[in-house]
Amino acid sequence: MDESWDGSYDPGSQSDESYHFERLHIEPIYDAFVCPLTKQVMRNPVTLENGQTFEREAIEKWFRECRESGRKLVCPLTQKELKSADLNPSIALRNTIEEWTARNENVQLEMAHRSLNLTSTESDVLQSLKYVQYLCQKSRSNKHLVRNGEVIPMIVDVLKSSSRRVRCKALETLRIVIEGDSDNKAILGEGDTVRTIVKFLSHEPSKEREEAVSLLYELSESEPLCEKIGSINGAILILVGMTSSKSENLLTVEKAGKTLENLEKCENNVRQMAENGRLQPLLNQILEGSPETKLSMASYLGELVLNNDVKVHVARIVGSSLINIMRSGNMQSREAALKALNQISSYEASAEVLIEAGILPPLVRDLFMVGANQLPMRLKEVAATVLANVVNSGYDLDSITVGPDHQTLVSEDIVHNLLHLISNTGPAIECKLLQVLVGLTSSPTTVLNVVTAIKSSGAMVSLVQFIEAPQKDLRLASIKLLQNLSPCMGQELADALRGTVGQLGSLIKVISENTGITEEQAAAVGLLAELPERDLGLTRQMLDEGAFQIIFSRVVRIRQGETRGIRFMTPFVEGLVRVLARVTFALAEEFDAIAFCREHNLAALFIELLQSTGLDNVQMVSAMALENLSQESKNLTKLPELPPPGFCAAIFPCLSQQPVINGLCQLHRGSCSLKETFCLLDGQAVEKLVALLDHTNEKVVEAALAAISTLLDDGVDIEYGVKMLCEAEGIGPILEVLLEKRTENLRRRAVWVVERLLRTEEIAYQVSGDPNVSTALVDAFQHADYRTRQIAERALKHVDKIPNFSGIFPNMG
């Protein structure tokens, strides 16, 4: 052997490896084998007319240079001119060289084979691997030598080496060995070799990882191996991750992407990619695959869990295709499409995309269709779910036709059909259809159409019955629907609840459940809050069933710090306070209402609630409740019983003297307390009501002003009421409300209160010097409604802006 493995060759050197391996020979090299120009063994020897032999490529290059430089054709060895440039193949020499080369390569391959094991030195293993690379790159046909020499399993074994350099070189060598050779790929695909290669993908970004990706890419070019690669746990997940990695080099990312593209040939791999976030291959199959493939992929799409952004993307790409599949007559295809649409319609933005793609008409058709081609009930449930999803997206639906006669979803006959289905199907589909109605009644543009259809169908009684449903989802959907209907059908709802046994109790039971604060509880209390507060029959029933006691307990517990269910806390608290305030509207007719308010000291609770910062509705309703309670105070105040006059006083009244009784309420002229008579002079109620007069919400201001008005009402000592307002520093804020004139109702209230205040001479004197107040009263006198103009006129008389003719003309009332 001219040069051993350990000779002048250094595995780490930058010398030309091809040239190095060309010089490794077992048999002696003959001069006739070497081209005089290249100094290397010839592969395609040709002979000139003078008998000199060269490598064809080298002598052709020589001739070309001669012509280009304008020189005569000469032999490069003898420098004698040639008559002809003809090249005669030296077939015998070529065959001899090939035989000599084959013998040398076989021996050298055998030497490499012996070095490819874990006991050899790193240098020997690297040398052998590089020789195998050289051999395969020199001639494609040499790859069969590597295969027949069983070198591939030896290379696989050294993947277990502790040397990173060896592992990297082994991966690189395997890639070169299998490039363009299906037989070698098949051998490498046997056993657990592919799994071993995949393990290298889990390494942090490194040369090994890069080489493993390149090797897998070559393997994935073989369709039979695509399924095997995909079957290895984590292979596709890691590759998908690499394609979106920002830490990998671009070539590795590109190779990972191309590998995945090859793996798409197998449907199972496409499913795995979709599961791991690479959805486009699956979507492409739905768009372009065979009918069987479309069915398979649509079915799988229906099983995937997608995040919301992905749902929008999927809806845009394949929404129309799925809708077209849903329109087909094949029941299996319709089922697959419906389930996929169910998955991607559950997000508002993706549902809107589907609506614009035309999903509503075929959905409605499938729900209402009867006959041979109708959907089975289990699929009608899916169709109802999709419809509920798209309806609850917030899209404007009243302009989209869904029927042959240009009906929309809120057309009376469509709503009637929905109501009919609700009454004649099972709980699951009933729940979804009720959710459809919830969506349709959530919009102010469509709720009135649904209300009209429900009234014309007489469906309210049957809808109310679902409040008692044992299924929580069904019960929640029905309560939310009734809550949406209650502003428009409050009296019908109250009549239905009052006229049946159980439904009202079921609502109270939901509210009383000690499970935190749920959406169902918020909806239930919101429904009760919307019912007409002056329906005494319903209030009486709620008193009898202990509803107000339960509501009061929940309010107190929340005030004491019950915080579970923060998401629905605000609507729940607002609803509770509104329902609790209902009892104050029945004080004049129901002694039990008075007894309840006394027993639970409701006046004190509503005064506390005035300070519920951030809960405008709670503050407004609390002020309204205090107005009702305070109005009843003058009826509940116990007037003192005076002793009968003596004999002399009876004969001579001038001798009688009015007895003085201490401890009486000067406003109501009797025995008062916050708890027993609901007198607002206790509990700092006046100060807290005055504090609300600068609230940004005019409804809160109006309610507070209405409650303050009870201190100045007929039947009480108005002068003392004015005194209490002065002490609470309420005069300025009241005048400010008059000046702001934010709403007509507020102006009406403010003018009434200001007229009462101006009956006190001292206040009238102070106000008479304020031109702004006078201007506001004049404006009310000129432009307000008739009743307010009358009151404004009286107020202007108090400040001498209008002369008082009462002494000349009799008071006409």
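Residues numbered from 1 in each chain as written. Predicted model: local features only at pLDDT ≥ 70, side-chain atom pairs only at ≥ 80, totals over all residues. Heavy atoms only, no water.

The name given to the protein in an unreviewed UniProt entry is RING-type E3 ubiquitin transferase, with Erythroxylum novogranatense as the source organism. Taken directly from UniProt, the Catalytic activity (unreviewed entry) text for the protein runs: "S-ubiquitinyl-[E2 ubiquitin-conjugating enzyme]-L-cysteine + [acceptor protein]-L-lysine = [E2 ubiquitin-conjugating enzyme]-L-cysteine + N(6)-ubiquitinyl-[acceptor protein]-L-lysine." As its UniProt record puts it under Pathway (unreviewed entry), the protein is described as follows: "Protein modification; protein ubiquitination." (UniProt positions renumbered as here; feature names shortened; annotations may be inferred.)

## Examining the overall build of the protein
Helix and strand counts for the protein come out as 44 helices and three strands. Its C-alpha atoms give the protein a radius of gyration of 48 Å, more than 25% over the compact-globule value 28 Å for 813 residues. Taken across its 813 residues, the protein has 50% of its residues classed as buried. Long-range pairs, those at least 24 residues apart, make up 66% of the contacts in the protein with a sequence separation of at least 6. Roughly 38,400 Å² of accessible area belongs to the protein as shown, and the carbon and sulfur atoms make up 49% of that amount. Each charge sign in the protein was given a centre, from 82 positive and 107 negative side chains, and these centres are 3 Å apart. (Helix = DSSP H or I, 4+ residues; strand = E, 2+ residues; numbered from the N terminus. Rg over C-alpha atoms; globule rule 2.2 N^0.38 Å. Buried < 20%, exposed > 50% of the residue type's maximum accessible area, 1.4 Å probe, protein only. Contact = heavy atoms within 4.5 Å. Areas by Shrake-Rupley, 256 points an atom, 1.4 Å probe, with all protein chains shown as cover. Lys, Arg positive; Asp, Glu negative; His and termini not counted. Charge placed at Lys NZ, Arg CZ, Asp CG, Glu CD.)

## Brief notes about empty space enclosed by the protein
This model, assessed by the stated rule, comprises one cavity of 30 Å³ or more. Empty space within the largest cavity amounts to approximately 30 Å³. As for the largest cavity, its lining consists of Ser-630, Gln-631, Lys-634, His-668, Thr-710, Asp-713 and Val-716. Residue composition of the lining of the largest cavity, grouped by class: one nonpolar, four polar and two charged. (1 Å grid on protein atoms, 1.4 Å probe; cavity = no way out; pocket = protein on both sides within 12 Å on 5 of 7 lines; lining within 4 Å. Points joined across faces, edges and corners; volume = space filled by probe spheres on them. Nonpolar A, V, L, I, M, F, W, Y, C, P; charged D, E, K, R; others polar.)

## Quick word on the packing of helix H22 (residues 412-423) against helix H24 (residues 447-457)
The contact between H22 and H24 brings their axes to 9 Å, and the two run at 60 degrees. Comparing their axes, H24 and H22 come out oblique. In this structure, H22 meets H24 at a crossing whose hand is right-handed. The segment H22 lies against H24, with Glu-412, Val-415, His-416 and Leu-419 engaging Val-450, Thr-452, Ala-453, Ile-454, Ser-456 and Ser-457. Classifying every residue of the contact of H22 with H24 gives five nonpolar, four polar and one charged. (Axes fitted to C-alpha atoms, helices over the stretch in contact; angles between N-to-C directions. Parallel < 35°, antiparallel > 145°, perpendicular 65-115°, else oblique. Left-handed = near helix turned anticlockwise from the far one by under 90°.)

## Quick look at unusual backbone geometry
Residue Lys-39 is not a glycine yet carries a positive backbone phi of 60 degrees. By the secondary structure assignment, Lys-39 is in the loop between helix H1 (17-22) and strand E1 (45-47). A relative accessible area of 60% places Lys-39 in the exposed class.

## Topic: the pattern of salt bridges
All told, the structure shown has 40 salt bridges when counted by the stated rule. With its nearest N and O atoms 3.7 Å apart, the salt bridge here joins Glu-492 to Lys-455. Residue Glu-492 is located in helix H26 (residues 472-499), and its partner Lys-455 is located in helix H24; the two are separated by 37 residues in the primary sequence. The partly exposed category is assigned to Glu-492, whose relative accessible area is 30%. Taken together, the shared-partner salt bridges in this structure form one network comprising Asp-714, Glu-755, Arg-756, Arg-759 and Arg-794. (Salt bridge = Lys/Arg side-chain N within 4 Å of Asp/Glu carboxyl O.)

## A look at the sheet that holds strand E3 (residues 88-89)
Strand order in the open sheet made by the three strands is E2-E1-E3, with antiparallel pairing throughout. This sheet does not close on itself; its edge strands, each paired only once, are strand E2 (53-55) and E3. Direction of pairing for E1 relative to E2: antiparallel, over a ladder of three bridges. Paired with Val-46 across the strands is Phe-54, a residue of E2. Contacts from helix H2 (residues 56-69) reach E1, E2 and E3, with the element oriented near 95 degrees to E2. (Pairing = 2+ DSSP bridges.)

## Description of helix H18 (residues 331-344)
With 14 residues, H18 should cover 20 Å at 1.5 Å per step; its first-to-last C-alpha distance of 20 Å lies within 8% of that length. Counting buried positions over the 14 residues of H18 gives 10, a clear majority of the element. Those residues of H18 that are buried lie in contact with helix H16 (291-301), helix H17 (308-327), helix H19 (348-356), helix H20 (360-368) and helix H21 (377-391). For H18, the side-chain oxygen to backbone nitrogen distance between the N-cap and Gln-332 is 2.8 Å, and the N-cap itself is Asn-330. (Expected span 1.5 Å × (residues − 1). Polar contact = N/O pair within 3.5 Å; in protein donor to acceptor, adjacent residues only side chain to side chain.)

## A few points about the packing of aromatic side chains
Per the counting criterion, the structure on display carries four aromatic pairs. A ring pair is formed by Tyr-30 and Phe-33, whose centres lie 5.3 Å apart and whose planes are at 75 degrees; its orientation type is edge-to-face. Accessibility expressed as a relative area gives 48% for Tyr-30, which makes it partly exposed. The exposure class of Phe-33 is buried, given its relative accessible area of 5%. Aromatic ring contacts, followed pair by pair, group Tyr-30, Phe-33 and Trp-100 into a single cluster. Positioned above the aromatic ring of Trp-62, the side-chain terminus of Arg-71 is 5.6 Å from the ring centre. A cation over a ring is seen here: Arg-271 above Tyr-300, with NZ or CZ 5.9 Å from the ring centre. (Phe/Tyr/Trp six-rings, centres within 6.5 Å; stacked < 30°, edge-to-face > 60°. Lys NZ or Arg CZ within 6 Å of the ring centre and 35° of its normal.)

## Digging into helix H15 (residues 280-288)
Regarding H15, the residues found buried are Pro-281, Leu-282, Leu-283 and Ile-286. Looking at the buried positions of H15, the neighbouring elements they touch are helix H14 (267-275), H16 and H17.

## Some thoughts on the confidence of the model for the protein
Confidence in the prediction of the protein, expressed as mean pLDDT, is 87, and 91% of residues score 70 or more. This model gives residues 1-15 a pLDDT under 50, and the stretch forms 28 contacts once residues within four places in sequence are excluded. Between residues 807-813, whose pLDDT stays under 50, and residues either more than four places distant or in other chains, the model counts zero contacts. (pLDDT = per-residue confidence, 0-100.)

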